[in-house]
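Here is what each chain is made of, one letter per residue.
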Amino acid sequence: MIQLKSAPPLVPLPASCRDFWDCILSAALKEDLDLYLQQHFPENLVKVVRLPQRAGLIRARLEGFRHVTTEVVSFFDSHMEVNVDWLQPLLVEIKRDRRTVAMGHLDYIQPDTFQYSYVPEYHTRYGFDWRLVFFETYFLKSQERGKTVSDPLPGVVMVGPAFAINSDYFREIGTYDSGMKIWGGENLELAWRVWLCGGRLVHLPCSKIGHIARPQPYTFPEGRYETEIHNYKRAVEVWMGPYKRFVYEHHPRMKELDVGDLTERLLLKKNLGCRNFSWFLKNVWPELYPYNDNATHWGGVTHLSETLCLDNGEFLFVGPEPLRTKRCNFNSFSQGFSLTTDRRLRTTLQCVGVQEEGEDMVPVLITCNDGAVHTWMYTPSKQLKHDQTGLCLQLMQGPKLVMQVCRNGEDSQVWEFREQGDPTSIADLEVDQAQRHRERGASMETKSPVQMLYELEQQMRNMSLNLHQPILKDFTALAAGQVRQNFGTPEGEGQKIHAAPGNRQHPEIPGAVGHDKPISRDLIFTPRRPRLGEGVATSASATGRIASSKRRQSHALDWKRVDKVWR
């Protein structure tokens, strides 16, 4: 393929180094491989190096590289096909700066039909998170602004193959880590090393290379996960410095794993005068946030009255994507949030912004590096207030997160940061909730029926569907009991009390315990979610609407019905 789609003077001598167990090409080709090469390729164009036993992708590439005599070397997988004039753009960038890893743009080949397909004007960029999950994403608008279709674009990490590099430079920076096994992690480690030690990675949109997307075909004698974390730890221990703690949080087995001697790799880092990983995060991959750096608050963001936490849904891309809540697990990747010193509310890869959704304003995950800047305040009342709209983050039915007018004492707007590693467990959080509920119930016994019912209606109107039903039952029964105690039971048809938050009907709740008759009349609580503009907001929303400065007085509780009971 290479010699047919590249200008002949540019073609280096490929060293095709095959893995003993992976590929028995003679069977696939239906004839002897040496004979096939002799018949289809010019003499000495392809050199085959056979390994006596399986060594894995990383060590096979290293063995192949030992036979390279050309100025530039390129690495490919067997399930790739180069397109016309793929090589020239890579060589131009290497000629411009020999410390360059020049990467081709991967298009797609359908595995069942071998049809070559591509997305016009789409430029592939790769990233990773603290779990070392590798993913494909977009370039920032700021990175593409002012660029032509052929200009190089800065990379973060590499997919693995389909790149070219100056052979001498590859040797100088330490080739691949020979202590790694089989497959996995070599693409991250090489990219980190190039960037941190004075080189650069660039994507060349005009170098088109087809790639067959396929399931992982390799077998791993020690197990795939064990092999991968072995390789990852060798990379993490050499390059990540104090940031490795975030990786070990997600891979606890990796921390104590014996991965062999790293003295040679650490000496290489010292001799090359490489930068610290913080430089990489600031200059190459600023999207990846080290949770507690430059943060006034960080950790899991828990809701006051629920075992729910803010959750990013393990979202990896640019967004916008709805911000969610899930049961608290205090996993820093999905539930780690930081309020930074510049007042950005950040998760692992995104910031939290606000956008309009129908009649509501809702929180969303967006990129921190392009577009409008959203800032937040964590108030003394433990509310998360969005500066640009003046609204507070509130948990509603569903559960759903919306932005509402800020109200002190509104439980559904109270959030608490709990640091990752905080000894407070999920069980402790639930105990705290139960204690708060008991305190609320005790305080109601000292209040008048009017005040008690009004406050209950207010709480029910703003609580989510995850409201603990036994607590709701206690509150309602207590309220019914005090109405009976103070005013007696009017004559009439005995009925039951219902509480219906939104469209969800709660189980029927009988009359107060200790009284021989149920309460007469229905007390129907029909909470309605306040809409934007019904509170005391003073600032314009992102769409330019001004919230009303006077709260409407149309409470959902039917006071005429209540009045019948009280009389």
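Preceding this paragraph is the structure being described.
About the thresholds
Residues numbered from 1 in each chain as written. Predicted model: local features only at pLDDT ≥ 70, side-chain atom pairs only at ≥ 80, totals over all residues. Heavy atoms only, no water. Phe/Tyr/Trp six-rings, centres within 6.5 Å; stacked < 30°, edge-to-face > 60°. Helix = DSSP H or I, 4+ residues; strand = E, 2+ residues; numbered from the N terminus. Buried < 20%, exposed > 50% of the residue type's maximum accessible area, 1.4 Å probe, protein only. Lys NZ or Arg CZ within 6 Å of the ring centre and 35° of its normal. Salt bridge = Lys/Arg side-chain N within 4 Å of Asp/Glu carboxyl O. Contact = heavy atoms within 4.5 Å. Pairing = 2+ DSSP bridges. Axes fitted to C-alpha atoms, helices over the stretch in contact; angles between N-to-C directions. Parallel < 35°, antiparallel > 145°, perpendicular 65-115°, else oblique. Left-handed = near helix turned anticlockwise from the far one by under 90°. Nonpolar A, V, L, I, M, F, W, Y, C, P; charged D, E, K, R; others polar. Core = buried A, V, L, I, M, F, W, Y, C linked by side-chain atoms within 4.5 Å. Domains from an automatic or database assignment. Disulfide = S-S within 2.5 Å. 1 Å grid on protein atoms, 1.4 Å probe; cavity = no way out; pocket = protein on both sides within 12 Å on 5 of 7 lines; lining within 4 Å. Points joined across faces, edges and corners; volume = space filled by probe spheres on them.

Participant: Explanation requested: the packing of aromatic side chains in the structure shown.
Facilitator: We describe a pair of aromatic rings using the distance from one ring centre to the other and the angle between the two ring planes. Using the criterion set out here, one finds 23 aromatic pairs in the structure. Ring centres 6.3 Å apart and planes at 35° place the aromatic pair phenylalanine 128 and tryptophan 285 in the tilted group. With phenylalanine 128 in strand β7 (residues 125-128) and tryptophan 285 in the loop between α13 (277-283) and β12 (295-303), this pair connects stretches of sequence that are 157 residues apart. Take phenylalanine 128 and tryptophan 285: they sit in the same class, and that class is buried. Between the aromatic rings of tyrosine 378 and phenylalanine 417, the centroid separation amounts to 5.1 Å while the plane-to-plane angle is 90°, which identifies the pairing as edge-to-face. Linking tyrosine 378 in strand β20 (residues 376-378) with phenylalanine 417 in strand β24 (residues 415-418), this pair joins segments that are 39 residues apart in sequence. Assigned by exposure class, tyrosine 378 and phenylalanine 417 land together as buried. Taking the ring centre of phenylalanine 333 as reference, the NZ or CZ of arginine 131 above it sits at 3.8 Å. For arginine 275, the ring lying beneath its charged end belongs to tryptophan 279, and the centroid distance is 3.9 Å.

Participant: Explain unusual backbone geometry to me, please; I cannot follow it from the model alone.
Facilitator: The phi angle at phenylalanine 114 is positive, at roughly 60°, despite the residue not being glycine. Assignment of secondary structure puts phenylalanine 114 in the loop between β5 (100-109) and β6 (116-117). Under the relative-accessibility criterion, phenylalanine 114 is labelled exposed at 58%. Not every positive phi belongs to a glycine, and arginine 343 is a case in point at roughly 70°. Inspection of the secondary structure assignment puts arginine 343 in the loop between β16 (337-340) and β17 (345-346). Overall, the relative accessible area of 34% leaves arginine 343 in the partly exposed class.

Participant: Looking at this structure, I do not really get the pattern of salt bridges. What am I missing?
Facilitator: In a structure, side chains of opposite charge can pair up when their charged atoms sit close to one another. Scanning the entire structure with this criterion turns up 25 salt bridges. The residue arginine 50 makes a salt bridge to aspartate 34 at a minimum N-O spacing of 3.4 Å. Of this pair, arginine 50 sits in strand β2 (residues 47-50) while aspartate 34 sits in helix α3 (residues 33-40), and the two are 16 residues apart along the sequence. Of the residues examined, arginine 50 reaches a relative accessible area of 51% and is grouped as exposed. For aspartate 34, a relative accessible area of 39% corresponds to the partly exposed category. One salt-bridge network, in which partners are shared between bridges, spans Glu93, Arg96 and Arg200.

Participant: Which parts of the structure should I look at to understand the side chain of glutamine 143?
Facilitator: In this structure, glutamine 143 sits in helix α6 (residues 141-144). With a relative accessible area of 15%, glutamine 143 lands in the buried category. Beyond its immediate stretch of four places on either side in the chain, glutamine 143 contacts Arg125, Leu153 and Pro154.

Participant: Help me understand the pairing of strand β23 (residues 400-405) in this model?
Facilitator: Two faces belong to every sheet, and in a regular strand the side chains alternate between them. Of all six residues that make up β23, five are buried, and the element is covered over most of its length. Pairing of strand β22 (residues 391-396) with β23 involves six bridges; the strand directions are antiparallel. Bridge pairing in β23 places leucine 395 opposite leucine 401. Remark: three residues form the turn of the hairpin made by β22 and β23, two consecutive strands paired antiparallel; glycine 398 in that turn has positive phi of roughly 140°.

Participant: Whenever I open this one, the packing of helix α8 (residues 186-196) against helix α9 (residues 224-239) confuses me. Can you help?
Facilitator: Packed helices, taken two at a time, are described by their axes: the angle between them and the distance between them. Relative orientation of the contacting elements α8 and α9 amounts to 20°, with a least axis distance of 9 Å. For the element pair α8 / α9, the angle class is roughly parallel. Of the two elements, α8 crosses α9, and the hand of that crossing is left-handed. Between α8 and α9, the residues in contact are Leu188, Glu189, Trp192, Arg193 and Leu196 and Tyr232, Ala235, Val236 and Trp239, respectively. Residues that form the contact of α8 with α9 fall into these classes: seven nonpolar, no polar and two charged.

Participant: For this particular structure, what's the right way to read the environment of leucine 391?
Facilitator: Tracing the backbone through its elements, the reader meets leucine 391 in strand β22. We classify leucine 391 as buried; its relative accessible area is 1%. For the pair leucine 391 and valine 405, spaced 14 residues apart in sequence, the C-alpha to C-alpha distance is 5.0 Å.

Participant: It is not clear to me how the nonpolar core should be interpreted in this structure. Could you clarify?
Facilitator: Ranked by internal contacts, the top residues of the largest apolar core, which has 76 residues, are Phe128, Trp130, Phe163, Trp192, Phe277 and Phe280. Take this core: its biggest share by element is seven residues, from α8. Mapped onto the domain boundaries, this core takes at least three residues apiece from domain 2 (72-283) and domain 3 (295-434). Setting aside residues up to four positions removed in sequence, tryptophan 130 forms contacts with Met240, Tyr243, Phe246, Val247, His250, Leu281, Leu288, Tyr289, Pro290, Tyr291 and Thr348.

Participant: Can you walk me through the state of the cysteines in this structure?
Facilitator: By definition, a disulfide links the sulfur atoms of two cysteine residues through a covalent bond. Applying the stated rule across the entire model yields four disulfides. In this model, cysteine 309 is linked to cysteine 328 through a disulfide, with the two sulfur atoms separated by 2.1 Å. When the S-S torsion is 100°, as for the bridge of cysteine 309 with cysteine 328, the disulfide is right-handed. Of this pair, cysteine 309 sits in strand β13 (residues 308-311) while cysteine 328 sits in the loop between β15 (324-327) and α14 (332-335); the two residues are 19 residues apart in sequence, bridging distant segments of the chain. With respect to burial, cysteine 309 and cysteine 328 carry one shared label: buried.

Participant: Hey, could you run me through the layout of surface pockets in this one?
Facilitator: The probe, sized like a water molecule, is rolled over the atoms to show the empty space still left. Of the pockets and cavities examined, the second largest pocket occupies roughly 810 Å³. Per-class residue counts for the lining of the second largest pocket are 17 nonpolar, eight polar and eight charged.

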